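Next come the chains, spelled out residue by residue.
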Amino acid sequence: GSTVGILGGGQLGRMLAVAAAQLGYRTHVYAPEASGPATEVAAEWTQGRFEDADAMRAFAAKVDIATYEFENVDPHAVAYLSGRVAVAPSARSLEISHYRPAEKTVVAELGGRTAEWRPVDGPDALRRAVDEIGAPAILKTTLFGYDGKGQARLDEPADAEAAWSAIGRPHPIEHGVPAILERRVDFRAEFSVVLARSAAGEVAVYDTPENVHRDGILHTSTVPASPLVLDQAPDAIALATRVAERLGHIGVLTCEFFATEDGPVFNEMAPRVHNSGHWTIEGAVTSQFENHIRAICGLPLGSTARTGDRVVMENLIGHEADRWPDLLRDPAAHLHLYGKRDAKPGRKMGHATWVERPLTGSKPPR
Ligand code: ATP
Ligand code: MG
Ligand code: MG
């Protein structure tokens, strides 16, 4: 069989590796950490930094196709890899989606709405941005943010200085700005569009999960979403599909949205499987992980149809994972633990999914 290479050693890589194994592929994980959720289930793994050209070259020689499980991979590393082995999603998908100004610009070009924002390269620019955008606002680093890290809220203009220190005075970056100021969106709900696009250009879209965050970290994803979100989903799906096509994206692409009084507002995208798509493991015919593997391996996509009337995914953050014995006793719960040893606060340790009243429409073959 062929070998799928995965850059990154976290839980997304772990679930990708499991899906790849189910389809008969071997996996080879490349990660900077000595061990992690993905390396523990991969057939082979390399410990190396993404800047280590020798290790990357050796990795490229051992895999048939490479993918990545987080967008905070250095695009240079992916571009380097692309010269040696097929990489999907492409370096272009990564370049756009890992840099906040680029993703917002592409979305605006394609007719989508974003929160009003300004580039910020220092305290002076931040003051100007606050003058123009006003408060409340959020200062965000343009690179390497996740789970609300690298963000600071400004309730009023006077908070600007504290916000600049709070995001750690990000280093100037090679091309572009280190931070942006975003107007805080007065949203009624949050949701995401999770879709897969195959090498042949086929697009499969999942039911739109409604997402609830706590302290900047995803807490639950629920399908079907509330009526407000269901109303706004078609526009958001159309936009996300245009984004995937514009990027020539191959694999899963996730776009996060705010549902506001006057329609969907794009927040950010991820060129990969996403936490708000974990419900698809049991809640959809083909999981986001399997469809990502199918897409990057040149296979046709599987059905995204829901397997139950209602599906709820809840993240187990930090010590919430200590509930695992109760979840095992809950006959409706599907428990996933990522094998992380240290339940630090804010750390995603696992998740659980409930599929309510499974539909019985599908029949096994005779
Ligand atoms: P992820 O783990 O999803 O990649 P992230 O660190 O990239 O997170 P964002 O998605 O930008 O962060 O923000 C995290 C959460 O903070 C959002 O889901 C939303 O709840 C809130 N948030 C972010 N930007 C805004 C905004 N402009 N207005 C209102 N709320 C916001
Ligand atoms: Mg993000
Ligand atoms: Mg987000």
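Residues numbered from 1 in each chain as written. Chains lettered and ligands numbered in written order. Predicted model: local features only at pLDDT ≥ 70, side-chain atom pairs only at ≥ 80, totals over all residues.

Under the convention used in this document: UniProt positions are given in the numbering used here, feature names are shortened, and annotations may be inferred rather than shown by experiment.
The chain appears in an unreviewed UniProt entry as N5-carboxyaminoimidazole ribonucleotide synthase from Sphingomonas lenta. Reading the Pathway (unreviewed entry) entry of the UniProt record for the chain gives the comment "Purine metabolism; IMP biosynthesis via de novo pathway; 5-amino-1-(5-phospho-D-ribosyl)imidazole-4-carboxylate from 5-amino-1-(5-phospho-D-ribosyl)imidazole (N5-CAIR route): step 1/2." Check the Subunit (unreviewed entry) section of the UniProt entry for the chain; it says "Homodimer."

## So, the overall build of the chain
As a reminder of what qualifies: Strands are runs of DSSP state E lasting at least 2 residues, helices are runs of H or I lasting at least 4, and numbering of each runs from the N terminus. Each radius of gyration reported is based on C-alpha atoms, and the globular scaling rule is 2.2 Å times the count of residues to the power 0.38. With C-beta atoms placed from the backbone, a residue counts as buried when 20 or more other C-beta atoms lie within 10 Å of its own, as exposed when 12 or fewer do, and as partly exposed for counts between those limits.
Within the chain one finds 11 helices and 18 strands. The C-alpha atoms of the chain give a radius of gyration of 20 Å, which matches the 21 Å a tight globule of 366 residues would have. Oriented by its inertia axes, the alpha-carbon framework of the chain measures out at about 65 × 50 × 40 Å. Across the 366 residues in the chain, those meeting the buried criterion constitute 46%.

## Description of the nonpolar core
Put simply, the rule reads: Nonpolar core, as used here: buried Ala, Val, Leu, Ile, Met, Phe, Trp, Tyr and Cys residues forming one set through C-beta atoms within 7 Å. What fixes the domain bounds is an automatic or database domain assignment. Contact between two residues is assigned whenever their backbone-derived C-beta positions fall within 7 Å.
Residues Leu16, Leu195, Ala240, Val243 and Cys255 are the most contacted members of the largest nonpolar core, which totals 72 residues. Of all the elements, helix H8 (residues 227-247) adds the most residues to this core, at 9 residues. When residues of this core are sorted by domain, at least three fall in each of domain 1 (3-87) and domain 3 (189-358). Once residues within four sequence positions are removed from consideration, Leu195 is found in contact with Val203, Ala204, Val205, Tyr206, Ala240, Thr241, Ala244 and Leu253.

## Topic: the domain arrangement of the chain
Note the threshold: Gly falls in the polar group here, along with every residue not listed as nonpolar (Ala, Val, Leu, Ile, Met, Phe, Trp, Tyr, Cys, Pro) or charged (Asp, Glu, Lys, Arg).
Under the domain assignment, the chain is made up of domain 1 (3-87), domain 2 (116-183) and domain 3 (189-358). Each of domain 1 and domain 3 has a C-alpha centre, and the two are 22 Å apart. Each partner contributes to the interface: domain 1 provides 19 residues, whereas domain 3 provides 16 residues. Tallied by class, the residues present in the side of domain 1 that touches domain 3 amount to 12 nonpolar, 3 polar and 4 charged.

## Concerning the sheet that holds strand E7 (residues 137-141)
Selection criterion: DSSP-based pairing: two strands are paired if at least 2 bridges between them are found. Here an angle of 0 to 180 degrees is reported between the N-to-C directions of two axes, which are lines fitted to C-alpha atoms, with helices fitted over the stretch in contact.
The sheet built from 4 strands is open, its strands ordered E6-E9-E7-E8 with antiparallel pairing. Either end of the sheet is taken by a strand with one partner, and the two such strands are strand E6 (117-120) and strand E8 (151-154). Across the sheet, the axes of successive neighbouring strands diverge by a mean angle of 20 degrees, strand direction being ignored. Bridge analysis of E7 against strand E9 (residues 179-183) gives 5 bridges, and the strand direction is antiparallel. Within E9, the position partnered with Thr141 by the bridge is Ala179. Across the sheet, helix H6 (residues 123-133) touches E6, E7, E8 and E9, and the angle it forms with E6 is around 170 degrees.

## What to know about the sheet that holds strand E5 (residues 86-87)
Read across the sheet, 5 strands follow the order E3-E2-E1-E4-E5 without closing on themselves; strand pairing throughout is parallel. Pairing within the sheet leaves two strands with one partner each, and these edge strands are strand E3 (44-47) and E5. Relative to E5, strand E4 (residues 65-68) runs parallel, the two being bridged by 2 bridges. Each bridged residue has a counterpart across the sheet, and for Ile65 the counterpart in E5 is Ala86.

## Description of the confidence of the model for the chain
The following threshold applies: Every residue is assigned a pLDDT by the predictor, reflecting its confidence on a scale from 0 to 100.
For the chain, the mean per-residue pLDDT works out to 94, and 97% of the residues sit at or above 70. We note a pTM of 0.96 for the whole complex and an ipTM of 0.98 for its interfaces.

## Things to note about the packing of helix H2 (residues 53-62) against helix H3 (residues 75-82)
For clarity, the threshold we go by: By the definition adopted for this analysis, an angle is roughly parallel if under 35 degrees, roughly antiparallel if over 145, roughly perpendicular if from 65 to 115, and oblique otherwise. Two helices crossing with the near one rotated counterclockwise from the far one by less than a right angle form a left-handed crossing, whereas a clockwise rotation gives a right-handed crossing.
Between H2 and H3, whose axes approach to 10 Å, the crossing angle comes to 45 degrees. The angle between the axes of H2 and H3 places the two elements in the oblique class. Considering the relative orientation of H2 and H3, their crossing is right-handed. When H2 is examined against H3, the residues Ala53, Met56 and Ala60 are found in contact with a partner set consisting of Ala77, Tyr80 and Leu81. Within the contact of H2 with H3, the residues separate by chemical class into 6 nonpolar, no polar and no charged.

## Examining the site of ligand 1
Defined as follows: In this text, near has one meaning. A residue is near a molecule or strand if its C-beta atom, placed using the backbone, is within 6 Å of it.
Among the 16 residues in the neighbourhood of ligand 1, the closest are listed as Ala115, Gly145, Arg184, Val185 and His213. Taken together, the residues of the shell around ligand 1 break down into 4 nonpolar, 5 polar and 7 charged. When residues are assigned to domains, the shell around ligand 1 turns out to be shared by domain 2 (116-183) and domain 3 (189-358), each giving three or more.

## So, the packing of helix H1 (residues 11-22) against helix H10 (residues 288-296)
Running from amino to carboxyl end, H1 crosses H10 at an angle of 65 degrees, the nearest separation of the two axes being 8 Å. Viewed along their axes, H1 and H10 form a crossing whose handedness is right-handed. On the side of H1, the interface is formed by Met15, Leu16, Ala19, Ala20 and Gln22, while H10 contributes Phe289, Glu290, His292 and Ile293. Residue composition of the contact of H1 with H10, by class: 6 nonpolar, 2 polar and 1 charged.

## Quick notes on the environment of His28
You can see His28 is positioned in strand E2 (residues 26-31). C-beta crowding within 10 Å serves as the criterion here: with 21 such atoms nearby, His28 is assigned to the buried category. Through-space distance from the C-alpha of His28 to that of Gly145 is 26 Å; in sequence the pair is 117 residues apart. In contact with His28, not counting residues within four places along its chain, are Thr3, Gly5, Ala42, Ala43, Glu44, Trp45, Phe59, Lys62 and Val63.

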